[in-house]
Amino acid sequence: PLCPFLKKFLVEAMDCAAATNQAFTSSGMMNITSCPITYYGQKYDKVYVSNTDCHVFKKYMDVFLSPVSVQKASANTRMRSVSSTLVNSLDTCYHLSEYILTFNFNVTNLPICYFTLLYASCVVYKTNTTVKDPNICSTVTCDVNGVATAVSDCGPMERCQGNGSCILNTVCTVAGSIVIDFVGRVHSVPDRCGYTLLKPSLIPGFQVFGVFQERRRRDVSFVDRVILQLDGKGLQISLEQGGRVQLNNTVLTLTATAQVVHGVELSKDRTGVTAQISASNYTVSVHFDGDTALIHMTGPSGAPVHGLCGNSSRTLSEDRVSDHSSNDCEIKYDDADDNTINCNASTKWCNLLRWTPFTACNMYIDPQPFITACTQTLCKYSPVDGLMCQFPDAYARVCKHLSNVTMKDWRLNTSCSAAPQTSCQDKLCSDHEFCGEDNISGETRCHCRAIFASKYKPTNSFGEPIVCGDNSASITLANCLLEDDGIDYSILHLNDQDCKAKMDNLTHMVTFSFNSSNTCGTVIMANNSQIIYKNTIMTQNISMFGPITRHGPVRIDFSCYYSQPDLQLETISLPFSSVNQQITSGEYVYNLTMKAYTSADRLKAIEYSTDIELNQQLWVELKTDGLDENLLAIVTDSCWATNQPSPLGSLRYDLIINGCPNPTDETIKTEGNGQGTSNYFSFNMFQFTGKTGDVYLHCKVVLCIRQGNTCTPSCSQGERRRRSALPKYEDKHPAFITMAWTS
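Source: prediction; values computed, not measured.

Reading the values: the criteria
- Residues numbered from 1 in each chain as written.
- Predicted model: local features only at pLDDT ≥ 70, side-chain atom pairs only at ≥ 80, totals over all residues.
- Heavy atoms only, no water.
- Helix = DSSP H or I, 4+ residues; strand = E, 2+ residues; numbered from the N terminus.
- Buried < 20%, exposed > 50% of the residue type's maximum accessible area, 1.4 Å probe, protein only.
- Contact = heavy atoms within 4.5 Å.
- Areas by Shrake-Rupley, 256 points an atom, 1.4 Å probe, with all protein chains shown as cover.
- Pairing = 2+ DSSP bridges.
- Axes fitted to C-alpha atoms, helices over the stretch in contact; angles between N-to-C directions.
- Salt bridge = Lys/Arg side-chain N within 4 Å of Asp/Glu carboxyl O.
- Polar contact = N/O pair within 3.5 Å; in protein donor to acceptor, adjacent residues only side chain to side chain.
- 1 Å grid on protein atoms, 1.4 Å probe; cavity = no way out; pocket = protein on both sides within 12 Å on 5 of 7 lines; lining within 4 Å.
- Points joined across faces, edges and corners; volume = space filled by probe spheres on them.
- Nonpolar A, V, L, I, M, F, W, Y, C, P; charged D, E, K, R; others polar.
- Domains from an automatic or database assignment.
- Parallel < 35°, antiparallel > 145°, perpendicular 65-115°, else oblique.
- Left-handed = near helix turned anticlockwise from the far one by under 90°.
- Disulfide = S-S within 2.5 Å.

(A) Structural detail: the overall build of the protein. In terms of helices and strands, the protein carries 8 helices and 48 strands. Split into buried and exposed, the 743 residues of the protein put 50% on the buried side. Contacts spanning at least 24 positions in sequence make up 57% of the contacts within the protein whose residues lie at least 6 apart. Accessible surface, the protein as shown: approximately 35,300 Å² in total, 48% of it carbon and sulfur.

This is the structure:
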């Protein structure tokens, strides 16, 4: 009986003194220009008249009294809207979900209130009555003036089932660094730590964690992965960017068909990955697309839920999880403001959630938390990587979860991509990277995280310093830094074009290297006190790209060198007749050792108990460890004796001069000098006349690049009577080493 009356009521309500009644036999549009309705400042001059049922009447309210003008009512709020021309009539009440609309219409004075529900039948209440309506789980009061109010019996995390009972049915949204919890509160994560998002009290041991990381700015974090922990089994399921899912660090292969892994249903489609678990009459579904996480929880009402998504009063620090937080995750940064950001324009964009087509959802889901999250993020962070569309997309998804309302064409109306999909699907980045759009090409790729990049960009470097090892060298660069400069590592090589970089598939670091067995075109040169190994990272020959190229030329020089700094002189007593000194130069390290022997086979070194007689022949070996004898040789340039520790002592006796034996001492002989990484010489023991028996032996050793026979001093017997010519291996800063015999 209500609906036929309601149709007649609608037609008559539009009738003014100067208007003519219109008869309708079917649904249609009625022109009321001569008697418009003004509602919250909006004038309506057309009305849709239904000749079918109350469900269509609901659409009348949706379309012509747009909810964008509707004010949301609190539990005990009464609102009245008085039209501009319709007076002296009974107030007629309509209650649309949480919205209370009051109109004055010129109708028969009947003591009733009209009450309509979205997707429900029309209900009528008498004035001055209070009733419980199980359809909306609310206590409805229609006062003497015909003004309706409704107080819900459901909690903030619950939804009415239409039979007077409420169930837990709520969604938590994590977008960027913002968490919109189950009751609509907004939490901002200020750092790059891990937090408990969900800990249901009635699902023992089950928790959901969110780990936050920075992206293009150090001071703005984003949810980087969502972790489901299953108690008692030591199991963790990690949902990550690119649609990657790991079970205890083992990557799982998923499809759109759900598969059960330790009681969790896992699936993956073009919109992201979904994990769902059911236990103790509760169901928790977690959807993560690499940027936004939606946690949907349903079940019996009344159970407390902890975590940032829950309804507890715990502080942010109390929900921080050390197991998923790095030691420096709480360090605060303050990057310079991005002057390309227009906060006013961003705020206007975010408020689109209050306009069509999002208004279809405003009755069910308050858009303000999403507008707040959107504004806070876009006023701080550049709207790249599809960030602008993440918040309306999240709002639309939450609306569908909680109301089954699908907002059609919202993407077309907002310039967001037509198809809901993650652009970084299957794009797997390393720990120091994130997936985002390339600033030039617009394609998605792995970018360096801001904190990682800050170690290199101030010095315009692409990675770590060169590592010079034993007869080898390597340099490791970050591919994301190369790509920031538009450099494709795959077209780079060393001097030898066959020597290209190798990429680590896990870290995305690229390494160039060479060693003594494959020098990759390394150039070896001498420079004052250094022996330098030099190579160059460069692009391929431009002619290989054809008539055009999209890559600029690249040339990165790097080198390792051996250096021969002066050594501190050490005095040793006879029992310890060897000296071992480590020489460090740049990144190359080698050892130089001097030992004395009593036999030519150099098998028995002089020991503490060894008696040394005057004029006894001794052999002294100078040997290096850590040099490549195919490329370098050591030359004993000079050796001399003094009666005091200083090599500059006034009393001096020369044994080797310019790489050759002292021509005045027939007992001195050299072997292998300049021919390898070791050599030795012999002489007959002596002491200084009129002095104590202390003798200090000093040697100057230099490195020489082996090119032909240029490292070997020229010391023919015919020239024993004069000093030999200075060889080509001259080094202005040689190494010195000292050995001493003390009495």
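(B) Structural detail: helix H5 (residues 368-378). Across the 11 residues of H5, 8 count as buried, placing the element largely inside the fold. Within H5, burial applies to Pro-369, Phe-370, Ile-371, Ala-373, Cys-374, Thr-375, Thr-377 and Leu-378. Packed against the buried residues of H5 are strand E13 (166-175), strand E14 (178-180), strand E15 (186-188), helix H3 (343-350) and helix H6 (387-403).

(C) Spotlight on the sheet that holds strand E9 (residues 129-133). As summarised here, the arrangement of the 3 strands in space is E9-E10-E11, forming an open sheet in which the pairing is antiparallel. Bordering the open sheet on either side are E9 and strand E11 (148-152), each of which pairs with just one other strand. This sheet shows a mean twist of 20° between the axes of neighbouring strands, independent of strand direction. Strand direction decides the pairing type here: E9 and strand E10 (residues 138-142), joined by 5 bridges, are antiparallel. Paired with Val-131 across the two strands is Val-140, which belongs to E10.

(D) View of the pattern of salt bridges. Tallied over the entire structure, the rule returns 24 salt bridges. Notably, a salt bridge pairs Lys-700 with Asp-637, separated by 3.0 Å at the nearest N-O pair. Here Asp-637 lies in strand E42 (residues 632-642) and Lys-700 lies in strand E47 (residues 695-705), a separation of 63 residues in the sequence. Judged by its relative accessible area of 7%, Asp-637 falls in the buried class. Look at the salt bridges and you will find they share partners, linking Asp-438, Arg-445, Lys-457, Glu-483 and Asp-484 into a network.

(E) The arrangement of the side chain of Arg-217 in detail. Here Arg-217 is to be found in the loop between strand E17 (207-214) and strand E18 (221-230). For Arg-217, a relative accessible area of 9% puts it in the buried group. At 3.3 Å, the side chain of Arg-217 and the backbone oxygen of Asp-335 are in polar contact. Discounting chain neighbours no more than four positions away, the residues touching Arg-217 are Asp-335, Ala-336, Asp-337, Asp-338, Lys-380, Tyr-381 and Ala-450.

(F) Region of interest: the layout of surface pockets. Of the volumes computed, that of the second largest pocket is approximately 930 Å³. In this structure, the second largest pocket is lined by 35 residues; those nearest its centre are Asp-224, Arg-225, Glu-240, Ser-430 and Asp-431. Of all elements in the fold, only E17, E18, strand E19 (235-240), strand E20 (245-247) and helix H7 (450-453) reach the threshold of two or more residues within the lining of the second largest pocket. Sorting elements by how many residues they give to the lining of the second largest pocket places E19 first, with 4 residues. Here the residues of the lining of the second largest pocket are counted per class, giving 10 nonpolar, 15 polar and 10 charged. Three or more residues apiece are contributed to the lining of the second largest pocket by two domains, here domain 2 (166-319) and domain 3 (462-563).

(G) Seen up close, the packing of H5 against H6. Relative orientation of the contacting elements H5 and H6 amounts to 165°, with a least axis distance of 10 Å. In terms of their interaxial angle, H5 and H6 are classed as roughly antiparallel. Seen along the crossing, H5 lies across H6 with a hand that is right-handed. Packed against H5, whose contacting residues are Phe-370, Ala-373, Cys-374, Thr-377 and Leu-378, the element H6 presents Leu-387, Met-388, Phe-391, Ala-394, Tyr-395 and Val-398 at the interface.

(H) Region of interest: the pairing of strand E43 (residues 652-657). Here 4 bridges tie E42 to E43, and the two strands are oriented antiparallel to one another. By the bridge assignment, Thr-642 is partnered in E43 with Arg-652. The pairing of E43 with strand E44 (residues 660-661) spans 2 bridges and is antiparallel. Bridge pairing in E44 places Ile-656 opposite Pro-661. What sits between the antiparallel neighbours E43 and E44 is a turn of 2 residues, in which Asn-658 has the positive phi angle 50°.

(I) Region of the structure containing the state of the cysteines. What the rule picks out here adds up to 16 disulfides. Between the sulfur atoms of Cys-193 and its disulfide mate Cys-329 the distance is 1.9 Å. On the S-S bond that ties Cys-193 to Cys-329, the torsion sits near 90°, and the link is right-handed. With Cys-193 in the loop between E15 and strand E16 (194-200) and Cys-329 in the loop between strand E28 (320-321) and H3, this pair connects stretches of sequence that are 136 residues apart. A relative accessible area of 0% means that Cys-193 is categorised as buried. Classification of Cys-329 by relative accessible area gives buried; the value is 3%. Here Cys-350 connects covalently by a disulfide to Cys-374, the sulfurs 2.0 Å from one another. In this structure, the disulfide formed by Cys-350 and Cys-374 twists by about -75° around the S-S bond and is classed as left-handed. Note that Cys-350 is positioned in helix H3 and Cys-374 in helix H5, a separation of 24 residues in sequence.

Purely spatial values, then, with no claim about function.
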